[in-house]
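# Descriptive structure summary
What follows is the residue order along each chain.
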Amino acid sequence: MKQITIKEIAQKTGYSVNTVSRALANRGEISKETAAKICKVAESLGYVPNLLARGLAGRRSNTIGFIMGDMLNPFHWPVVKVIQEELNDRGLNLVMANSRETPDGLRTAVNIMQSNQVDGLLMFFTDGGEESLRVLHSRNIPTVLIGTRSDAVPTSYVECNDVLGGYLAAMHLIQRGCRRIAFVGKKQHTVPSDSRLEGYCQALQKKGYEIDPDLLISAPPNLEGGYISAGNVDFLNCGIDGIVAYNDLLAIGIIRNLLERGIRIPEQVAIVGYDNITFGEYCYPPLTTVNIPKEQMGRKAVELIIELIEHKLNDEPDELHLELLNPKLIVRQTA
């Protein structure tokens, strides 16, 4: 199929090549009516923009990199979907890689992004990945972290207010009458885990509850981790009647274990998860959880990375872009 050129669109519409180019690039330098007419004709002719040529002219590849932590984690899916849609709407390409949530995996993923000469990079950060952030910073590659931040390497980020989220989860259990509330979370100290734990502690302290170290249970943040960790605790004899789980996968694993042991949810043990993944709504009983605004997180990440790229292209000073989104409690049947 013959590639339609801007010159042919100009001949068809009667506008100059420069005017057509501005309209198709959505540069806002001509009237909306003129731009709409030109774009309508371009669409009818089957015009496809040459992103490579445009990128070379503007010192850009028109490609954004995106590094996932775990491609099987359902929390990531809505974020990925929105990012892909937002970039497509802007005529930008997306290159994806998976860090496997290891420092070595992140290092490999960053190398892939550099070889693709991405204009900027979005990523779910991996514990221990500070070295990779330093590489990106030294090579002046605009980067936005999603869902967390790095205290070691100043990097732009969009994250959820996890202190508030942990507080909402624990306070809900307190208000429904739970007296001994456990927190089941990651073994590693990460910003989201520590923040959710901090919110949990704030809620307990506000109501005069003791922070009992025996109620702080470490577990891998997945289904198996929840199932196994729950099996190691004699909930009824310990008097535990409420659980705040680091994420929904942990919570669902805990639910299965408790039900298999004949423990009634929420009558004997109430559970609040975190993330609001789709699976939580359809497990049994449906999971009460803390919602992270995942779609908003994806859209905001795209906005931030484009701002950072524009700063770089205009030779403006580096500037951190920080965005903190608020969570919301979703009450279902486990608490």
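Here's a quick rundown of the structure. Each chain carries its own residue numbering, running from 1 in the direction its sequence is written. With pLDDT at 70 or above as the cut-off, local features in this predicted model cover only qualifying residues; side-chain atom pairs require 80 or more to be listed or tallied, and sums for whole chains, interfaces and linings still use all residues. Water and hydrogen atoms were dropped before computing side-chain values, which therefore reflect all heavy atoms in the structure.

### Digging into the pattern of salt bridges
Applicable threshold: Each salt bridge in this description consists of a side-chain nitrogen of Lys or Arg and a carboxyl oxygen of Asp or Glu lying within 4 Å of one another. Numbering of helices and strands starts at the N terminus; helices are DSSP runs of H or I of at least 4 residues and strands are runs of E of at least 2. Think of it in three bands: residues with accessible area under 20% of the maximum for their type are buried, residues over 50% are exposed, and the middle band is partly exposed, with areas taken using a 1.4 Å probe on protein chains only.
Under the criterion given, the structure shown has ten salt bridges. Residue R107 pairs with E131 through a salt bridge whose shortest N-O separation is 3.4 Å. Of this pair, R107 sits in helix α6 (residues 103-115) while E131 sits in helix α7 (residues 130-138); the two residues are 24 residues apart in sequence, bridging distant segments of the chain. Classification of R107 by relative accessible area gives partly exposed; the value is 32%. For E131, a relative accessible area of 45% corresponds to the partly exposed category. Here R149 and E159 are joined by a salt bridge, their closest N and O atoms 2.6 Å apart. Separated by ten residues along the polypeptide, R149 in the loop between β4 (143-146) and β5 (156-160) and E159 in strand β5 bring together distant segments of the chain. A residue is classified by how much of its surface remains accessible, and R149, at 27% relative accessible area, is partly exposed. Put simply, D104, R107 and E131 are held in one network by salt bridges that share partners.

### What to know about the nonpolar core
Generally speaking, soluble globular proteins have nonpolar side chains that are buried together. To keep things clear, this is the line we draw: In these notes, a set of buried Ala, Val, Leu, Ile, Met, Phe, Trp, Tyr and Cys residues joined through side-chain atoms within 4.5 Å is what counts as a nonpolar core. Should any heavy atoms of two residues lie within 4.5 Å, those residues are counted as being in contact.
In this structure, L122, I146 and I271 are the most contacted members of the largest nonpolar core, which totals 72 residues. Tallying contributions element by element places helix α14 (residues 294-313) first for this core, with nine residues. If we skip the residues at most four places from it in the chain, I271 touches L173, I243, A251, I254, I255, L258, I265, L287, T288, T334 and A335. In this structure, L106, L133, I141 and L145 belong to the second largest nonpolar core, which totals 17 residues.

### Things to note about the side chain of R196
Counting through the fold element by element, R196 comes out in helix α9 (residues 191-206). R196 gets classed as buried once you look at its relative accessible area, which sits at 6%. In contact with R196, other than residues within four places in its own chain, are D162, G166, F183, Y246, Y274, D275 and I292.

### Notes on the packing of helix α10 (residues 223-231) against helix α12 (residues 248-260)
Going by this rule: Between the N-to-C directions of two axes lies an angle of 0 to 180 degrees, each axis being a line fitted to C-alpha atoms and, for a helix, fitted only over the stretch in contact. Geometric relationships in this document are graded by angle, where less than 35 degrees denotes roughly parallel, more than 145 denotes roughly antiparallel, 65 to 115 denotes roughly perpendicular, and other angles denote oblique. Each crossing gets its hand from how the near helix is turned against the far one by less than a right angle, where anticlockwise is left-handed and clockwise is right-handed. Basically, the charged four are Asp, Glu, Lys and Arg, the nonpolar ten are Ala, Val, Leu, Ile, Met, Phe, Trp, Tyr, Cys and Pro, and anything else, Gly included, counts as polar.
The contact between α10 and α12 brings their axes to 6 Å, and the two run at 40°. With respect to α12, the element α10 is oriented oblique. α10 and α12 meet at a crossing whose hand is right-handed. In this structure, α10 contributes L223, G225, G226, Y227, S229, A230 and G231 to the contact, and α12 contributes L249, L250, I252, G253, I254, R256, N257 and E260. For the contact of α10 with α12, the class distribution of residues is seven nonpolar, six polar and two charged.

### Quick look at the sheet that holds strand β8 (residues 242-245)
We apply this condition: We treat two strands as partners when DSSP finds at least two bridges between them.
Spatially, β7-β6-β8-β9 is the arrangement adopted by the four strands of the open sheet, whose pairing is parallel. In the strand order of this sheet, the two ends are held by β7 (216-218) and β9 (270-272), each with one partner. Strand-to-strand, the axes of this sheet are offset by a mean angle of 20°, without reference to chain direction. Two strands pair when backbone bridges link them, and strand β6 (residues 181-185) and β7 are joined in this way by three bridges, in the parallel orientation. Paired with G185 across the strands is S218, a residue of β7.

### A word on the state of the cysteines
Stated formally: The disulfide criterion is simple: two cysteine sulfur atoms within 2.5 Å.
Summed over all chains, the structure comprises zero disulfides. Looking at C160, it has no disulfide partner, and the nearest cysteine sulfur is the one in C201, 18 Å off. Looking at C160, the relative accessible area reads 3%, which means it is buried. Cysteine C238 remains unbridged, with the sulfur of C178 as its closest cysteine sulfur at 15 Å. C238 gets classed as partly exposed once you look at its relative accessible area, which sits at 37%.

### As for the sheet that holds strand β11 (residues 322-325)
An order of β2-β1-β3-β4-β5-β11 is seen for the six strands of this open sheet, with the pairing classed as parallel. Every other strand in the sheet has two partners, leaving β2 (93-98) and β11 as the edge strands with one partner each. Taking each pair of neighbouring strands and ignoring which way they run, the sheet shows an average axis angle of 15°. Both strand β3 (residues 120-123) and β4 contribute to a ladder of three bridges, which runs parallel. If you follow L122 over to β4, its bridge partner there is V144. Here helix α5 (residues 76-89) sits on the sheet and contacts β1 (63-68), β2, β3 and β4; the angle it forms with β1, its principal contact strand, is near 180°.

Nothing here speaks to function; it is all geometry.
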